[in-house]
Amino acid sequence: QVQLVESGGGLVQAGGSLRLSCAASGSTFSINVMAWYRQAPGKQRELVAAAPTGGTPNYGDSVKGRFTISRDNNKNTVFLQMNSLKPEDTGVYYCNAKGVLRAWQPFDYWGQGTQVAVSS
C-alpha cells in the first residue's frame, strides 16, 4: 500500500502564491505518474498537472503559465507551485500516484486532499 500525504493548502489573496507538496510512502513501489487534481464545490474533479516519470509534464489549459509541477524522485515527492492565483482556482487539491508494487501489482492511490481558497 502507498500512502500520499498532501500539505501546503490555505487561504491566499488573488495574485498570490502557494506551494503544495505530496509525499508518497509505504511498501516497496515504483511510481510511473504523479499528478494533481482539483475539485470545486458542485463541479467535477479536473486534472491540474501531471508529471510522468522521465517524461514531459502536462498541464490543464486553465493553469498553463501559472502553475509548475515538479518531482523529487529521491524522496518520492511531488510539488505544485501555484502563482498568480485566481478565485477560480479555489477548491480541494488532490495528489494522485500511479505505479506498481512488488510482484508488478498496479496501484492508483489518492491523497486526502488539501483545501485551497483564493479570495478576490
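What comes next concerns the included structure. Predicted, not measured: the structure shown is a model, and the values here were computed from it. (Residues numbered from 1 in each chain as written. Predicted model: local features only at pLDDT ≥ 70, side-chain atom pairs only at ≥ 80, totals over all residues. Heavy atoms only, no water.)

1. Digging into the sheet that holds strand 1 (residues 2–7)
Rules: We treat two strands as partners when DSSP finds at least two bridges between them. Secondary structure is summarised from DSSP: a helix means a run of H or I of at least four residues, a strand means a run of E of at least two, and numbering begins at the N terminus for each. To obtain an axis, a line is fitted to C-alpha atoms, over the contacting stretch when the element is a helix, and the angle between two such axes runs from 0 to 180 degrees between their N-to-C directions.
Across the sheet, four strands lie side by side as 1-3-8-7; this open sheet has antiparallel pairing. The two strands at the open ends of the sheet, each matched to only one other strand, are strand 1 and strand 7 (67–72). When strand polarity is set aside, the average angle formed by the axes of neighbouring strands in this sheet is 15°.

2. Topic: the nonpolar core
In globular proteins that are soluble, nonpolar side chains generally tend to be buried together. Heads up, the condition is: We call a set of buried Ala, Val, Leu, Ile, Met, Phe, Trp, Tyr and Cys residues a nonpolar core when their side-chain atoms join them within 4.5 Å. Throughout, exposure labels follow a simple rule: accessible area from a 1.4 Å probe, protein chains only, divided by the maximum for the residue type, with under 20% read as buried, over 50% as exposed, and the rest as partly exposed. Contacts are assigned to residue pairs that have any heavy atoms within 4.5 Å of one another.
In this structure, Met34, Trp36, Leu80, Met82 and Tyr93 are the most contacted members of the largest nonpolar core, which totals 28 residues. Those elements that provide at least two residues to this core are strand 1, strand 3 (18–26), strand 4 (29–39), strand 5 (46–52), strand 7, strand 8 (77–82), strand 9 (91–101) and strand 11 (114–119). Ignoring anything within four residues of it in the chain, the contact list for methionine 82 reads Gly16, Ser17, Leu18, Leu20, Arg66, Phe67, Tyr93 and Val116.

3. Describing the pairing of strand 7
Where strand 7 meets strand 8, six bridges bridge the pair, whose relative direction is antiparallel. Residue pairing for strand 8: serine 70 is matched across the bridge by phenylalanine 79. Remark: four residues form the turn of the hairpin made by strand 7 and strand 8, two consecutive strands paired antiparallel; asparagine 76 in that turn has positive phi of roughly 50°.

4. A short note on the packing of aromatic side chains
Rule in force here: Between 30 and 60 degrees the pair is tilted, below 30 it is stacked and above 60 it is edge-to-face, where a pair is any two Phe, Tyr or Trp rings, Trp via its six-membered ring, whose centres lie within 6.5 Å. Look at NZ for Lys and CZ for Arg. If either is within 6 Å of the ring centre and within 35 degrees of the ring normal, a charge sits over the ring.
Under the definition given, this model contains three aromatic pairs. Summarising the aromatic geometry, the rings of phenylalanine 29 and phenylalanine 107 are spaced 6.2 Å apart at their centres and angled 85° between planes, so their arrangement reads as edge-to-face. With phenylalanine 29 in strand 4 and phenylalanine 107 in strand 10 (residues 106–110), this pair connects stretches of sequence that are 78 residues apart. Given a relative accessible area of 6%, phenylalanine 107 falls into the buried group. Seen in terms of ring centroids, phenylalanine 107 and tyrosine 109 are 5.4 Å apart; in terms of plane orientation they differ by 25°. Their pairing is stacked. On the basis of relative accessible area, tyrosine 109 is assigned to the partly exposed category, the value being 24%. Across the ring face of phenylalanine 79, the terminal group of arginine 19 is positioned such that the distance to the ring centre comes to 4.3 Å.

5. So, the pairing of strand 3
Within a regular strand, the side chains alternate between the two sheet faces. In terms of strand pairing, strand 1 meets strand 3 through six bridges, oriented antiparallel. Paired with valine 5 across the bridge in strand 3 is alanine 23. Pairing analysis gives six bridges linking strand 3 to strand 8, with the strands arranged antiparallel. Note on strand 8: the bridge partner recorded for alanine 23 is threonine 77.

6. With respect to the side chain of arginine 38
How we decide: In the analysis that follows, any N or O atom pair within 3.5 Å is treated as a polar contact, provided that within protein one partner can donate a hydrogen and the other can accept it, and provided that, for residues neighboring in sequence, both atoms belong to side chains.
Looking at the element boundaries, arginine 38 is found in strand 4. A polar side-chain atom of arginine 38 sits 3.2 Å from a polar atom in the side chain of serine 62. Side chain to side chain, arginine 38 and aspartate 89 meet in a polar contact 2.9 Å long. Excluding residues within four positions of it along the chain, arginine 38 makes contact with Gln44, Arg45, Glu46, Val48, Ser62, Val63, Phe67, Glu88, Asp89, Val92 and Tyr93.

7. Section: the environment of isoleucine 31
Among the secondary structure elements, isoleucine 31 is positioned in strand 4. For isoleucine 31 and tryptophan 110, which are 79 residues apart along the polypeptide, the C-alpha to C-alpha distance reads 13 Å.

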